[in-house]
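Here are the chains, one letter per residue:
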Amino acid sequence: MTQTPQHKTGKSKQKQKGFIAGSSVPEQKISMRIVEESGKPIQATFDRTKSSPFGLFSHDAAERLQRSGPNEVAHDKAPHALVQLALSFKNPFVIVLLILATISYVLDVHLAEPDDRSWTGVIILLSMVTISSLLRFFQEYRSNKATERLKSMVRTTATVLRRSNDAANPQRQEIPMRELVVGDVVSLQAGDMIPADIRLFSSRDLFISQAVLTGEALPVEKYDTLGAVAQKSADAAGDGQADLLDLSDICFMGTNVVSGTATAVVVATGANTYFGSLAKNVVSHKRIETSFDRGVSSVSWLLIRFMLVMVPIVFMINGVTKGDWMSALTFALAVAVGLTPEMLPMIVSANLAKGAMAMARRKVVVKRLNSVQNFGAMDVLCTDKTGTLTQDKIILERHLNIKGNKDESILQLAWLNSFHQSGQKNLMDIAIVSHADERGPAAKLLQYSKVDEMPFDFVRRRLSVIVEDQGGAQLMVSKGAVEEMLAVCSHTQEGDEIRPLDDVARTALLEKAREYNEEGYRVLIVATRQIDAAHAKPQYKTEDEVSLIVRGFLTFFDPPKDSAAPAIRALQEYGVAVKVLTGDNAIVTLKVCRDVGLDPGTPLSGQEIEAMSEQQLNEAVKYTTVFAKLTPLQKSRVVKALQANGHTVGFLGDGINDAPALRDADVGISVDSGADIAKETADIILLEKSLMVLEEGVVKGRETFGNILKYLNMTASSNFGNVFSVLVASAWLPWEPMLAVHLLIQNLIYDISQMMLPWDKMDEDFLKKPRKWDAGNIRRFMIWIGPTSSVFDITTYILMWTVFGAGAMYAADGGSAGQSIMNSGWFIEGLVSQTLVVHMLRTRKIPFIQSTAALPVLLSTTIAIGIGCYLPFSPLAASIGFVSLDKSYFLWLILTMVGYMILAQTVKTIYIRRYGQWF
Ligand SMILES: Nc1ncnc2c1ncn2[C@@H]1O[C@H](COP(=O)(O)OP(=O)(O)OP(=O)(O)O)[C@@H](O)[C@H]1O
Ligand SMILES: [Mg+2]
């Protein structure tokens, strides 16, 4: 499956030209080939690709596939495991740690006297790097695997013409896109992705959206005929390279058919396509930054900046007060390590990956990991109606004449239209054909042969087919949305009686349609125009859809999915507003809304939106739930208006008309039965029909986000607290308050205690509201909560200095015995309090009593505390400058911790009362 770069719309054309011209050599070679293909007789292309309008032989195609490899773009696949492993080491914090490890090596090993050499620092730093990177790798690897597996269940196919031997007729086949080869003849219809770079040889009203390559939202028309091309390209003459995308008889892989149909021959596949060359050279890892990415990096930089300010201060104070600049440097470096949130990348990736895997178990494909979090942040979900809220099966209920009486001829006309149209296999067309098949279409209908068609598009909202009887007379049969059909009709017909379509008749028809709509039926009007042999033409244009005669109605039963009502209710409970954005009319949409328990309010129509300025629309979307008769671009305008109001917007849709909105939404969600382009643009694909999985996605997303926020708040605040304590101690104590190695060990153990955070649960009330990234809150949190723990660091200094005699020892000999006691005491206290921070801060409730962490977190924090308390008593103690403390120390420790927890809980309560949120 191809993954397309998602450009936002509205990029200037100029910029795009530069972007294209700036790419490297092989791409230009490819571009030139396409240019050569364009504008020449089609036979030249067939000769060069050794193909013909009848397609390739199956065995030939198989050989070509062998030789050229699958039609895939390089970045479709997750990289090799080793590359993934290498990539998981690639982040600023690992680099900081590696630099510090190098410095530690130089200071402690390289420059040190043979007797003083110590590898401890280096080993600790490398362990930190390894733990965080390996964990990250394992999580991402597993989630990539799970996603790959599911991705293979999402079908993206191309329709090709192939034959088994010379004598055999060419057969239309649906093959996986990756099996396409140069020379294949493909047919295209609305909704299809262009599966490779292709040269058109026949087309009808073909409109292509090239937004993927150009960012330009408006579709462009592409032609097959040489004449039109020659003229068009003469118009566009100029800098050949940049106008590549304007070539009218070439369509590019990754773009999609908005309307019309075409047949074409494949000129280039896979990495040789224009898109493939872009993917390799420029866009492969360039993704649009979501608010989530920006949030993570802004917090990362906040912490790094903080480190850059604090570390020199610590260095100066210790250097000046203690006079040993070398040891001050080592100490400052250890503080730098302490301030590095080295587990952040691991926590972020592991959380997202874990979320994606949980969704995979529910058959939800997460194409972009970040969208897990956006799912949780989403506070408005826009959904289209047909096929999403309603079932993906529509039933033709009645076929009626203009008076509303059952009429067999209407069914026959509808059958002619639906059977002969070659556009997208629309649900309504399927319903018509299958309904007629049940009764067997009247034999005389088979005598009609198809002449031409005007494919459906989202602005005309109608579809016309021209058929010819054996006498050469032609009949145009059109069907479409009520108002759009009446706009091109001039008469009505009942039986053999034809009357002009005056205002009275028009009102009567609209009234009837309204009646059916209110009962919940979708309504199409069927109309015809007789064209006698003298005026018959081989080809028609949409301008020929005039002076039609209204023949009657088709009504369709399009019931809501069973899961729609409970899913909407659940979403609303979770604070997600649901809005319906549909191409269908308001009346039937209101009925569906009521059926699924959505209060529709006053609907807004596409026409009204068209007349609004951006500001007016931004205002209007606040109060509107139902948007009807929207074109695809209007759907995306509504999404953007909601985003402009500060909402995180999800879009759930399945059609071509949803693609722009799916791309522009913060999280685009599609279903497996959707159009290729919808699945392509979506971030998330639901493989199962039930909508209940949406609720689960929201909860998982919020859990993921909550666990990430938790880590950030804990780390930011306890690091801040630590530095605060270190500063106080450095200024006051005669020695460094801790040896550098103690700080490092403490950090490593602390990392271990947090390692299991992605497996923690979130309080139910946190999950009930949509969450947004809020860097301001993290800063506030750091300043409020950090110093709380410092209070008890300082009481511990005093305790060790007085009760445990460090001060007396210093007074006696000024030596390091007092320092060891001080260090050991503070080491344990610091570690235990930092570990308790995990429990204190993970919830706004009272820890252990009202809310307890998940088992893995309980275990990892207990182990951390255990190791920390044991170290000064272990055989290792002497070598790292610890002494065992008097047992009474632990009594004091418990008192200190109780004091700390009471203070922390109090500050927490004040904080929540003051700011209305925890994190
Ligand atoms: N194959 C078709 N033939 C004739 N008319 C059609 C056909 N498909 C759609 N229409 C008309 O065009 C209207 C708009 O269609 P569109 O695909 O934009 O939206 P939709 O499928 O009705 O709703 P949604 O946007 O919720 O999926 C339909 O309501 C219908 O009246
Ligand atoms: Mg739809």
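In this text the structure is predicted, and so the values were computed from the model without any measurement.

Thresholds, definitions, all that
- Residues numbered from 1 in each chain as written.
- Chains lettered and ligands numbered in written order.
- Predicted model: local features only at pLDDT ≥ 70, side-chain atom pairs only at ≥ 80, totals over all residues.
- Heavy atoms only, no water.
- Helix = DSSP H or I, 4+ residues; strand = E, 2+ residues; numbered from the N terminus.
- Contact = heavy atoms within 4.5 Å.
- Areas by Shrake-Rupley, 256 points an atom, 1.4 Å probe, with all protein chains shown as cover.
- Lys, Arg positive; Asp, Glu negative; His and termini not counted.
- Charge placed at Lys NZ, Arg CZ, Asp CG, Glu CD.
- Patch = residues over 30% accessible without salt bridge, like charges linked within 9 Å, V, L, I, M, F, W, Y side chains within 5 Å.
- Salt bridge = Lys/Arg side-chain N within 4 Å of Asp/Glu carboxyl O.
- Buried < 20%, exposed > 50% of the residue type's maximum accessible area, 1.4 Å probe, protein only.
- Polar contact = N/O pair within 3.5 Å; in protein donor to acceptor, adjacent residues only side chain to side chain.
- UniProt positions renumbered as here; feature names shortened; annotations may be inferred.
- Domains from an automatic or database assignment.
- Buried area = accessible area lost by both parts, 1.4 Å probe.
- Axes fitted to C-alpha atoms, helices over the stretch in contact; angles between N-to-C directions.
- Parallel < 35°, antiparallel > 145°, perpendicular 65-115°, else oblique.
- Left-handed = near helix turned anticlockwise from the far one by under 90°.
- Phe/Tyr/Trp six-rings, centres within 6.5 Å; stacked < 30°, edge-to-face > 60°.
- Lys NZ or Arg CZ within 6 Å of the ring centre and 35° of its normal.
- pLDDT = per-residue confidence, 0-100.
- Expected span 1.5 Å × (residues − 1).
- Arc of directions from axis to C-beta.
- Pairing = 2+ DSSP bridges.
- Near = heavy atom within 4 Å.
- Nonpolar A, V, L, I, M, F, W, Y, C, P; charged D, E, K, R; others polar.

On to the overall build of the protein. Of the regular secondary structure elements, the protein holds 33 helices and 24 strands. Taken along its principal axes, the extent of the C-alpha atoms in the protein is 120 × 60 × 45 Å. Pairs at least 24 apart in sequence give 77% of the contacts found in the protein among residues at least 6 apart. A total of about 37,000 Å² of accessible surface is found on the protein, and carbon and sulfur atoms cover 59% of it. Treating the 93 positive side-chain charges of the protein as one cloud and the 95 negative ones as another, the clouds have centres 2 Å apart.

A contiguous nonpolar surface patch, about 580 Å² in accessible area, is contributed by Tyr105, Val106, Leu111, Trp119, Ile123 and Met326. Mapped onto the elements of the fold, Ile123 is located in helix H7 (residues 120-151).

A word on the environment of Lys450. Tracing the backbone shows Lys450 in strand S12 (residues 449-454). The exposure class of Lys450 is partly exposed, given its relative accessible area of 34%. Remark: the alpha-carbon pair of Lys450 and Asp469, spanning 19 residues in sequence, is separated by 9.0 Å. Of note is the side chain of Lys450, whose polar atom sits 2.9 Å from the backbone oxygen of His420. Within polar-contact distance, the side chain of Lys450 engages the side chain of Glu453 at 2.7 Å.

This paragraph deals with the UniProt feature "transmembrane region" (unreviewed entry) in the protein. UniProt annotation of "transmembrane region" (unreviewed entry) refers to residues 93-112, 118-138, 296-317, 329-353, 781-804, 824-841, 853-873 and 889-911 when read in the numbering used here. Structurally, residues 329-353 comprises 84% helix and 0% strand, and the distance from its first C-alpha atom to its last is 39 Å. As a span, residues 824-841 carries 100% helix and 0% strand, and end to end its C-alpha atoms are 26 Å apart.

Time to look at the domain arrangement of the protein. Its domain assignment divides the protein into domain 1 (40-71 + 156-227 + 244-281), domain 2 (294-357 + 698-915), domain 3 (364-390 + 561-687) and domain 4 (395-557). Taken over C-alpha atoms, the centre of domain 3 sits 30 Å from the centre of domain 4. Contacts between the two partners involve 15 residues from domain 3, matched on the other side by 15 residues from domain 4. In this assembly, domain 3 packs against domain 4 so that about 1,200 Å² is buried in total across both faces, 60% of it on carbon and sulfur atoms. Residues Lys629 and Glu483 are paired through a salt bridge, measuring 3.3 Å at the closest nitrogen-oxygen approach. Viewed at the interface, domain 4 and domain 3 are joined by 6 residue pairs in polar contact (both at pLDDT 80 or more). Considering each element in turn, the side of domain 3 that touches domain 4 owes the most residues, 3 residues, to helix H20 (residues 586-595).

A few words on the packing of helix H26 (residues 693-732) against helix H31 (residues 816-841). Helix packing for two helices is described by the angle between their axes and how far apart those axes are. Packing of H26 against H31 brings their axes to within 10 Å, and their N-to-C directions diverge by 155°. Looking at the two axes, H26 sits roughly antiparallel to H31. In the crossing of H26 with H31, the sense of the turn from one axis to the other is right-handed. Contacts between H26 and H31 involve Asn713, Met714, Ser717, Ser718, Asn722, Ser725 and Val726 on the former and, on the latter, Trp826, Gln834, Val837, Val838 and Leu841.

We now examine the pattern of salt bridges. Under the counting rule described, the total for this entry stands at 32 salt bridges. In this structure, Asp429 engages Lys479 in a salt bridge whose closest nitrogen and oxygen atoms are separated by 2.6 Å. Of the two residues, Asp429 sits in helix H16 (residues 427-439) while Lys479 sits in strand S14 (residues 474-480), which places them 50 residues apart along the sequence. Lys479 carries the same exposure label as Asp429, and that label is buried. As a salt-bridge pair, Lys629 and Glu484 come within 2.8 Å of each other at their nearest N and O atoms.

Now for the packing of aromatic side chains. Inspection of the entire model under this criterion finds 27 aromatic pairs. Consider the rings of Trp735 and Tyr810, whose centres lie 5.6 Å apart with planes at 90°: the pair is edge-to-face. Separated by 75 residues along the polypeptide, Trp735 in the loop between H26 and helix H27 (740-754) and Tyr810 in helix H30 (residues 806-813) bring together distant segments of the chain. Given the relative accessible area of 7%, Trp735 is considered buried. Ring geometry for Trp784 and Tyr911: centres 5.6 Å apart, planes at 80°, overall edge-to-face. Linking Trp784 in helix H29 (residues 775-802) with Tyr911 in helix H33 (residues 888-915), this pair joins segments that are 127 residues apart in sequence. Note on Trp784: relative accessible area 26%, which makes it partly exposed. Ring pairing ties together the aromatic residues Trp732, Trp735, Tyr797, Trp801, Tyr810 and Trp826, which thus form one cluster. Cation over ring: Arg398 sits above Tyr521, and NZ or CZ is 5.2 Å from the ring centre.

Quick look at the confidence of the model for the protein now. The predicted model of the protein averages 84 in pLDDT, with 91% of residues at 70 or higher. Predicted confidence for residues 227-242 stays below pLDDT 50, and this span has 15 contacts to residues more than four positions away or in other chains. Low pLDDT (under 50) marks residues 281-287, which in the prediction has 15 contacts with non-local residues, meaning those over four places away or in another chain. Complex prediction metrics read pTM 0.81 and ipTM 0.96.

Bringing helix H18 (residues 503-518) into the picture now. The terminal C-alpha atoms of H18, which comprises 16 residues, lie 22 Å apart, in line with the 22 Å expected from a rise of 1.5 Å per residue. Buried residues of H18: Ala505, Leu509, Ala513, Tyr516 and Asn517, and no others. Down the axis of H18, the buried side of the element spans an arc of 115°, and every buried residue falls inside it. Pointing more than 90 degrees away from the buried face of H18 are the exposed residues Asp503 and Val504.

Among the 11 residues that make up strand S17 (residues 521-531), 9 are buried, leaving the element largely enclosed by the rest of the structure. Across 7 bridges, the pairing between S14 and S17 is antiparallel. Counted as the bridge partner of Ser478 is Ala527 from S17. With 8 bridges joining them, S17 and strand S18 (residues 548-557) adopt antiparallel strand pairing. Bridge pairing in S18 places Val526 opposite Gly552.

Neighbouring ligand 1 are 20 residues, the closest being Lys385, Asp429, Arg522, Thr582 and Lys635. Considered on its own, ligand 1 offers 600 Å² of accessible surface; in the complex 94% of this is hidden by protein. Mapped onto the shell around ligand 1, the elements with two or more residues apiece are H16, S14 and S17. Looking at the shell around ligand 1, its residues break down into 6 nonpolar, 6 polar and 8 charged. When we break the shell around ligand 1 down by domain, the ones giving at least three residues each are domain 3 (364-390 + 561-687) and domain 4 (395-557).

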